[in-house]
Structure formats: C-alpha cells, structure tokens
Amino acid sequence: METGGFIVKSLVQQKNLEGYVGFASLPNQVYRKSVKRGFEFTLMVVGESGLGKSTLINSLFLTDLYSAEYPGPSHRIKKTVQVEQSKVLVKEGGVQLLLTIVDTPGFGDAVDNSNCWQPIIDHIDSKFEDYLNSESRVNRRQMPDSRIHCCLYFIAPSGHGLKPLDIEFMKRLHEKVNVIPLIAKADTLTPEECQQFKKQIMREVQEHKIKIYEFPETDDEEENRLVKKIKDKLPLAVVGSNTIIEVNGKRVRGRQYPWGVAEVENSDHCDFTILRDMLIRTHMQDLKDVTNNVHYENYRSRKLAAVTYNGVDNNRAKGQLSTKLDTVEGMSPLAQMEEERREHVAKMKKMEMEMEQVFEMKVKEKVQKLKDSEAELQRRHEQMKKNLEAQHKELEEKRRVFEEERSNWEAQQRLEQQKLEASRTLEKNKKKGKIF
Amino acid sequence: MANTPRSRVNLLSKAISGTHSSTGGSTLLGYIGIDTIIEQMRKKTMKTGFDFNIMVVGHSGLGKSTLVNTLFKSQVSRRSAGWARDEKIPKTVEIKSVSHVIEEGGVKMKLTLVDTPGFGDQINNDNCWEPISKFINEQYEKFLKEEVNITRKKRIPDTRVHCCLYFISPTGHSLRQLDIEFMKRLSHSVNIIPIIAKADTMTTEERQEFKQRVRKELEMSGIEFYPQKEFDDDMEDKSDNDKIREAMPFAVVGSDKEYQVNGKRVLGRKTAWGVVEVENPNHCEFAQLRDFLIRSHLQDLKEVTHNIHYETYRAKRLNENGGLHPISSSDTQESNL
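None of these values were measured; they are calculated from a predicted model. (Residues numbered from 1 in each chain as written. Chains lettered and ligands numbered in written order. Predicted model: local features only at pLDDT ≥ 70, side-chain atom pairs only at ≥ 80, totals over all residues. Heavy atoms only, no water.)

**Quick word on the overall build of chain A**
Right, on to step 1. The number of helices and strands found in chain A is 11 helices and nine strands.
Right, on to step 2. Relative to its full complement of 436 residues, chain A shows a buried share of 36%.
Right, on to step 3. At a minimum sequence separation of 6, the contacts of chain A that also span at least 24 residues come to 67%.
Right, on to step 4. As displayed, chain A has an accessible area near 29500 Å², and 54% of this comes from carbon and sulfur atoms. (Helix = DSSP H or I, 4+ residues; strand = E, 2+ residues; numbered from the N terminus. Buried < 20%, exposed > 50% of the residue type's maximum accessible area, 1.4 Å probe, protein only. Contact = heavy atoms within 4.5 Å. Areas by Shrake-Rupley, 256 points an atom, 1.4 Å probe, with all protein chains shown as cover.)

**Here we look at the confidence of the model for chain B**
Should pLDDT be low for a region, the predicted coordinates there are not to be read in detail.
All names here are of chain B.
Right, on to step 1. Residue-level pLDDT values for chain B average 78, and 81% of them are 70 or greater.
Right, on to step 2. For residues 1–26, every residue scores under 50 in pLDDT, and the model assigns this stretch 10 contacts once sequence neighbours within four places are set aside.
Right, on to step 3. Under a pLDDT of 50 for its full length, residues 326–337 has, in the predicted model, 14 contacts with residues more than four places off or in other chains.
Right, on to step 4. This prediction of the complex comes with two scores: 0.69 for pTM and 0.74 for ipTM. (pLDDT = per-residue confidence, 0-100.)

**Digging into helix H5 (residues 164–173) of chain A**
Each α-helix winds once per 3.6 residues, and so residues spaced three or four apart point in a common direction.
Right, on to step 1. Where H5(A) is concerned, the buried positions are Leu165(A), Asp166(A), Ile167(A), Phe169(A), Met170(A) and Leu173(A).
Right, on to step 2. Where H5(A) is buried, its residues contact strand E1 (39–46), helix H4 (118–136), strand E4 (150–155), strand E5 (179–183) and helix H6 (191–207) of chain A.

**Details of a negative patch on the surface**
Right, on to step 1. On the surface, a cluster of negative charge is made up of Asp233(B), Asp234(B), Glu236(B), Asp240(B) and Glu303(B).
Right, on to step 2. Of note, Asp233(B) is situated in the loop between helix H7 (204–220) and helix H8 (235–247). (Patch = residues over 30% accessible without salt bridge, like charges linked within 9 Å, V, L, I, M, F, W, Y side chains within 5 Å. Salt bridge = Lys/Arg side-chain N within 4 Å of Asp/Glu carboxyl O. Lys, Arg positive; Asp, Glu negative; His and termini not counted. Charge placed at Lys NZ, Arg CZ, Asp CG, Glu CD.)

**Some details on the nonpolar core**
Residues and elements named next belong to chain B.
Right, on to step 1. Residues Met 55, Ile 132, Leu 165, Phe 182 and Ile 193 are the most contacted members of the largest nonpolar core, which totals 81 residues.
Right, on to step 2. Per-element tally for this core: the top contributor is helix H5 (residues 130–148), with seven residues.
Right, on to step 3. The contact partners of Met 55, leaving out residues within four places of it in the chain, are Val 114, Thr 116, Ile 132, Phe 135, Ile 136, Val 161, Cys 163, Cys 164 and Leu 165. (Core = buried A, V, L, I, M, F, W, Y, C linked by side-chain atoms within 4.5 Å.)

**Here we look at the interface of chain B and chain A**
Interface size, as often reported, equals the accessible area lost upon joining of the parts.
Right, on to step 1. Facing the 39 residues of chain B at the interface are 41 residues of chain A.
Right, on to step 2. Both sides together, the interface formed by chain B and chain A hides about 3500 Å², and carbon and sulfur atoms give 54% of it.
Right, on to step 3. Here Glu206(B) makes a salt bridge to Arg255(A), at a shortest N to O gap of 2.8 Å.
Right, on to step 4. Joining chain B to chain A, the criterion identifies 15 residue pairs in polar contact (both at pLDDT 80 or more).
Right, on to step 5. Secondary-structure elements contributing two or more residues to the side of chain B that touches chain A are helix H6 (177–186), H7, strand E8 (264–271) and strand E9 (274–277) of chain B. (Buried area = accessible area lost by both parts, 1.4 Å probe. Polar contact = N/O pair within 3.5 Å; in protein donor to acceptor, adjacent residues only side chain to side chain.)

**Overview of the environment of Gly222(B)**
Residue and element names in this part refer to chain B.
Right, on to step 1. Position of Gly 222 among the secondary structure elements: in the loop between H7 and H8.
Right, on to step 2. The partly exposed category is assigned to Gly 222, whose relative accessible area is 47%.
Right, on to step 3. Along the sequence, Gly 222 and Met 183 sit 39 residues apart, while their C-alpha atoms lie 9.6 Å from each other.

**A closer look at H6(A)**
Right, on to step 1. Its 17 residues place the ends of H6(A) 24 Å apart at the C-alpha level, agreeing with the 24 Å of an ideal helix rising 1.5 Å per residue.
Right, on to step 2. Buried within H6(A) are the following residues: Glu193(A), Cys194(A), Phe197(A), Lys198(A), Gln200(A), Ile201(A), Glu204(A) and Val205(A). Mapping the buried residues of H6(A) onto a view down its axis gives an arc of 165°, with all of them on the same face.
Right, on to step 3. Lining the buried residues of H6(A) we find E4, H5, E5 and strand E6 (236–237) of chain A together with E8 of chain B. (Expected span 1.5 Å × (residues − 1). Arc of directions from axis to C-beta.)

**Comments concerning a nonpolar patch on the surface**
Residue and element names in this part refer to chain A.
Right, on to step 1. There is a patch of nonpolar side chains on the surface, built from Val 21, Phe 23 and Leu 26 and spanning about 350 Å² of accessible area.
Right, on to step 2. As for its position among the elements, Val 21 is in the loop between helix H1 (2–18) and helix H2 (26–37).
Right, on to step 3. According to the relative accessible area criterion, Val 21 is exposed, its value standing at 68%.

**What to know about the sheet that holds E4(A)**
Residue and element names in this part refer to chain A.
Right, on to step 1. Sheet architecture is open: six strands sit in the order E2-E3-E1-E4-E5-E6, paired in mixed fashion. If you trace the sheet from one side to the other, it starts and ends with strand E2 (84–92) and E6, each paired once.
Right, on to step 2. Summarising the sheet, E1 and E4 pair through four bridges and their orientation is parallel. Its bridge partner lying in E4, Val 46 is registered against Tyr 153.
Right, on to step 3. Running at roughly 150° to E5, H6 makes contact with E4, E5 and E6 of the sheet. (Pairing = 2+ DSSP bridges. Axes fitted to C-alpha atoms, helices over the stretch in contact; angles between N-to-C directions.)

**Overview of the sheet that holds strand E4 (residues 163–168) of chain B**
Residues and elements named next belong to chain B.
Right, on to step 1. Ordered in space as E2-E3-E1-E4-E5-E6, the six strands form an open sheet in which the pairing is mixed. Of all strands in the sheet, those with a lone pairing partner are strand E2 (96–104) and strand E6 (250–251), marking the two edges.
Right, on to step 2. Alignment of E4 against strand E5 (residues 192–196), held across five bridges, turns out to be parallel. Among the inter-strand pairings, Tyr 166 is bridged to a residue of E5, identified as Pro 194.
Right, on to step 3. Helix-sheet contacts for helix H10 (residues 298–321) involve strand E1 (50–57), strand E3 (107–115), E4 and E5, and the interaxial angle to E1 is about 85°.

**Side note on the side chain of Thr171(B)**
Right, on to step 1. Here Thr171(B) shows up in the loop between E4 and H6.
Right, on to step 2. On the accessibility criterion, Thr171(B) (10% relative accessible area) is buried.
Right, on to step 3. In this structure the side chain of Thr171(B) is engaged in a polar contact, spanning 3.2 Å, whose partner is the backbone nitrogen of His173(B).
Right, on to step 4. In this view, Thr171(B) contacts Ser49(A), Gly50(A), Lys185(A) and Phe210(B); residues no more than four positions away in its chain are not counted.

Written out as structure tokens, the structure reads:
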C-alpha cells in the first residue's frame, strides 16, 4: 500500500524535476490582462435620506464623490424616488477601477411610500436588459458591464427591528441583486443595543426568508475563519466620516463628540473596516460573479422564456439556461443548424399531414352533403307520389259518387217511366174499360 | 404725612379691625395678608393634586418611552425599560394611555402618558395623524359635555392633552414630509413641542445646523409650536419665551441607566468612546427641556390648553349645531388674553 502511494508521489515529483513548464504563471497572465482592461464595479446605495449614505461612500473610497461643487442628492430635496448614477475612475497601484455609484434619493421619504421600490427595480432590470442586448449583438467586442453588482441597504438605527418598508424592499430585491444590509449611523447605539439590534434583524431576515448576500465558503481554513467572523457580525454596523481628528497623537478619521471621538476605522467602535475589506479587498470579484451567474441568469432565463414562445431567438434558449437546470454546455453551430433543419423537416411533415387530413375531411363532408340531398329528393318524390295517389283516390271517390247518383237517377227515371207507362196503360184501359 | 397708599391702608385697617392693636411701626399695620393667597392656593393644590397629560408622537425607535422615563425619573412609560422590544409594529396607529400618580415634596401629580405606537411606521402613512387628532378632540368633547351638564361635578376630570412632544428623527438634513404634515394639522388643537430625538447621533456643529434648518422649515410652513408667539402676555413673558424659542427644538438624549463618571453617578449612555451624560448641558439639551417643561411652563401648558385650544374647540362645537345649551360669553377667544 505504502509503496503504491510512494510510487505515485515520486511520479509527480519526477514531473516537476524534469523542468519548469511555466503554466504556474497563468494567474499572472490573467492578472496582467485584467489590469490592462481595468475593472468595473457598480454599487447601489438605498436608504432613507439622512442615513449617511453619501458620507459612507466618500469614506469607503476615500474620495469626495459628493463635494461642495457637486452636492450629493441629500442636499437636493426630492419629491419622488429617482435613480442617479455617478461615475468615478479611481487608480491605485496601476489598477484602474471604474466605479459607478447608483444613488436613490427620495426613497422612503414621502408620506406614502408604496411602490417606492419600483423605480429601483426598473433600473436594475434595464441594466440587465442592456447587458443582454449587448451580449446578443453580432459585434460584441465591447460589452460594458453596467449591471448592479451590489446593493447596500441602509437600516435606520432604531434599535427595534426592521421596518415594514425595509422588509418589503428586501423581499423584492433579494432575487435581483446582491443585497447587503447595513446598520447606518451606528454610533447612535451602545454596544449592547447594537448586539440586540443585529440579532433582531437577523431573526427577522430569516423569518421573512430574505436572501441577503452570502459569503462563499472557501477551502482555505484561514479564510473560512474570517468569513465566519464576518457572518457573526451581520448586518454590519457602520459609521462614516471623512474628517480627520487628532486622538492621542494619532490622526484618525472619526466624529468628534463632546464626550469622545467615534473612530471610523476602529473595529471596536464600528464595523466599517470589515465592510471595506469585504467589499473591496476580498469579495468584489465574488460579488460580480454572483451577479453574473445567478442574478443575471435568472433574469435572462425569465426574459427569454417569455420571448421563446413567439419563436424568436429560439436557438438562444438552448444555450446556457440558469444554473439550476442541467445545461447543454453551448452546442456547436453546426449541430445547432442540424437541429434546426430537423425541426424544420418535422414541421413540414406535420403540416403536410395536417393538410391531408383537412382535405379528407372536406371530401367526406361533400359526399355526405350529396347523399343528403339525394335522400331529400327521394323523400320528396315519395311525397308527391302519395299526393298524387291521394288525389287519384279522391277523384275515384267522386266518380263513384257521381256514378251512383247517375244510376240512382236513371233508376228513378226508369221508375218514373214505368209509372208513366203504367198510368198510361191504365188510362188506356180505362178508356177501354169504359165501354164495358 | 403724604397721602401715600400705605397711610390710607393704615387708616382702613384701623377702622376695620378695632381690636387689632398693633405694637410695631407702620409696616406691620399695613399688612393685610393678600399675598397669603398664594400660600392658600398652594395648600389647596397640594391637597387636591393636579393632573398633567402628555402625549408622545414619533415613529418607533426614536426613544420616546426612554425619554419620558428619564423626564419623570421613573418607569412611567408603557414599556418598562428593557432591551427586549419584541412588540411588533402595529398595523394602524393605536392610542395607548397609561396613568401614574407620582409624588414629590408633598405634591401629588397624576401623570397620564399617551403613547401612539404605529405612527409613521407603515409603508403608506397617509392620514396616520387622524387617530391622534380624533383622540385629542374626543378629550375636548368629554370635557365639554361635563361642563355643559346641569349638575356638574365639583372637579371635572381633565383628560385633555396638555402637551404633545413630537419627536423629530435626527437625519441631519431637514424635516420629513410626514413631520410637517402632522405638525401643520395639529398645532392648532394642541400644544406641540418638537424635540430632536437621539441627539447623540450628531456632533455639536451638525446639531446647530440641523436645528437652524428645522426652525426655518417650521417657520416657512407656518407651524406655531409651543410657546406660541401670539399668546405672550407681556414683555417679560415675551423675552423669556423668545429665548426659549431660539433654543428650540431641543436636542435630547434619554437614558435610565446610571454610570460612574468622574466619581459621580450620572444618567447616561455608555459607548466605546465615552459616556453621553444626559444631564450635561454640553452633551445634550435634556436639562433645558426638563426645566422648560416641568419647572417653568407646566402650569402655562395647562392654561394654554384650557383657555385657548379648548375654547377654540368649544366655540366651534357650539356654533355648529347649537344644540348644546350654549352658555353666554362664548367669545373668550385668543384676543381676550
């Protein structure tokens, strides 16, 4: 047994010793290509006004996306929910990142907030549709990816639980985009309150079966531990700030209160560092992948299932469907054409058969009709004959009557004649008799 | 020798109380004792006690119950303090009132706290102020009916809402649409005192900015919060109230937990970066609110409610159907005061 294992091992080792093949540099190649291409990431922030969304964005990316010259949506009062996009190109260590921030001012601010999520859903769908269209084009060298990769949902730090609006929104969007709930303005809560609040939120999330973004399990033990730590702290309680304050000689970003300074990057104070690391340093690519493989595919299969029914783009639907079904991993065009031809022939045959059927039916119908008319004629003929006979009989009857009458009359006449004769003879006799 | 009032009084007192032999100088003679009426009132009030009805309005999670507990330094709110807030948000606005009798220095006060859970919590908050408005008017109606009775009770139980604390969410930007709507509709039937809740969310500069913005918005919308400008009696009142109006809305923090700070035990909230002291005027304006509400304007709140808001309601009611045996001089409107 051991020798067998040893042999295998030595085989592998021998392979390595023979020389350096060089495919270990594949990740570097991918890396270089990606760096040249640059990365894109679209982030959406949703929440009621005044929860510190703009500040958090500024803190996350250490830029002033919203500055005095271009004030953020918070400074402009909105009557209806709008969706605004701002693009920023950031460079770091030779890597370019085209960052798009989608803001939703006016969300949850009106008195009546029914359907305030609708503009957001429409926006996400429209981005998916754009991508779908650009994928279906003939020339798809450039496919700008403007799909929403991540949605940060800001929960107000009430300390109680989720509001009905929060639950409704997340229920409608968890199937369309990666939803990451955050507790905003976390410096309002004491550590105990924060714990309670987090527990309450997670309980409600599970109760309503909301699928927030899940951190994937990796093979690496170390990473798994980190992931588990993050999972325990969900939802993350964040504080945002870009003002630098001096604390104990150190310069930190934070918020200055009369009773102390709440440091943004101190993990005892809030979970900002965890969010930043997770969002940018470790899971950005995973967010994009999940968006591409799960949310986008869901959208696509739903959209195309509706289109297929009309017979358009039929072959597309046979391609990659959602990851749930067994996919035929992209058929070759020839096979596709063969399929098509077969289908076409089958269709033709079916049509032919149908036509023949129709023809036969028609013939049968005609024959039936003729028979019917024949029968009809026959019937009429019979009837007329009957009529005729009836008439004939009637006439006969009349004649008989007439004959009877005639014979009667004749008989009468004869009688009369006889009587006359008799009387005449009598008279004659009388005349003769008188002589006696 | 001059015809000063005091000398006149001297003569009067001598005339009235013949046996009144004064031993001291003229000062003692002059004292009638009219000012003891305050003492008599005090004694009477202490015996009868008085009642105060306060209503708290604001959407859930703004610390309403905690603040009321802190104000009256006792567990008076509907939910006794505790972190387990498992109560579900009600689907419609409910009105729940809880009464307590608290005593201090021999003075009994029947404090009624009216809570409005469910306000502003729904997705569609249209007309969520209606149950509240109805409740307030119902209390006026009850009082009116008692008053109009032929045989009236000696002391009509007063359930009218004397003060409505409206909690503004500390967004840092401006008032929400719902806030403006609510205050517009109710500022004419009840005394509204707007409060900025959870003020430990904001730094001092943010707080100032927010307050200014809120005040401007309130002014623009024509919302008259208590103390209303039009009801200032005289110059002294006006200057006092002006100062208060400048400082409103008060930014407060509530807490019923005590912590040790610099050797003292204070009410506060302990965070990882410090302790927010509730009664420290540098930290928040709770002390100002408490002094204003309880120590200086409590009686005034009741009076304004009775003389102005109630009278408005009464006049409107009696003019409506005229079937309530209208008592004369029903035009004790605002101008009279």
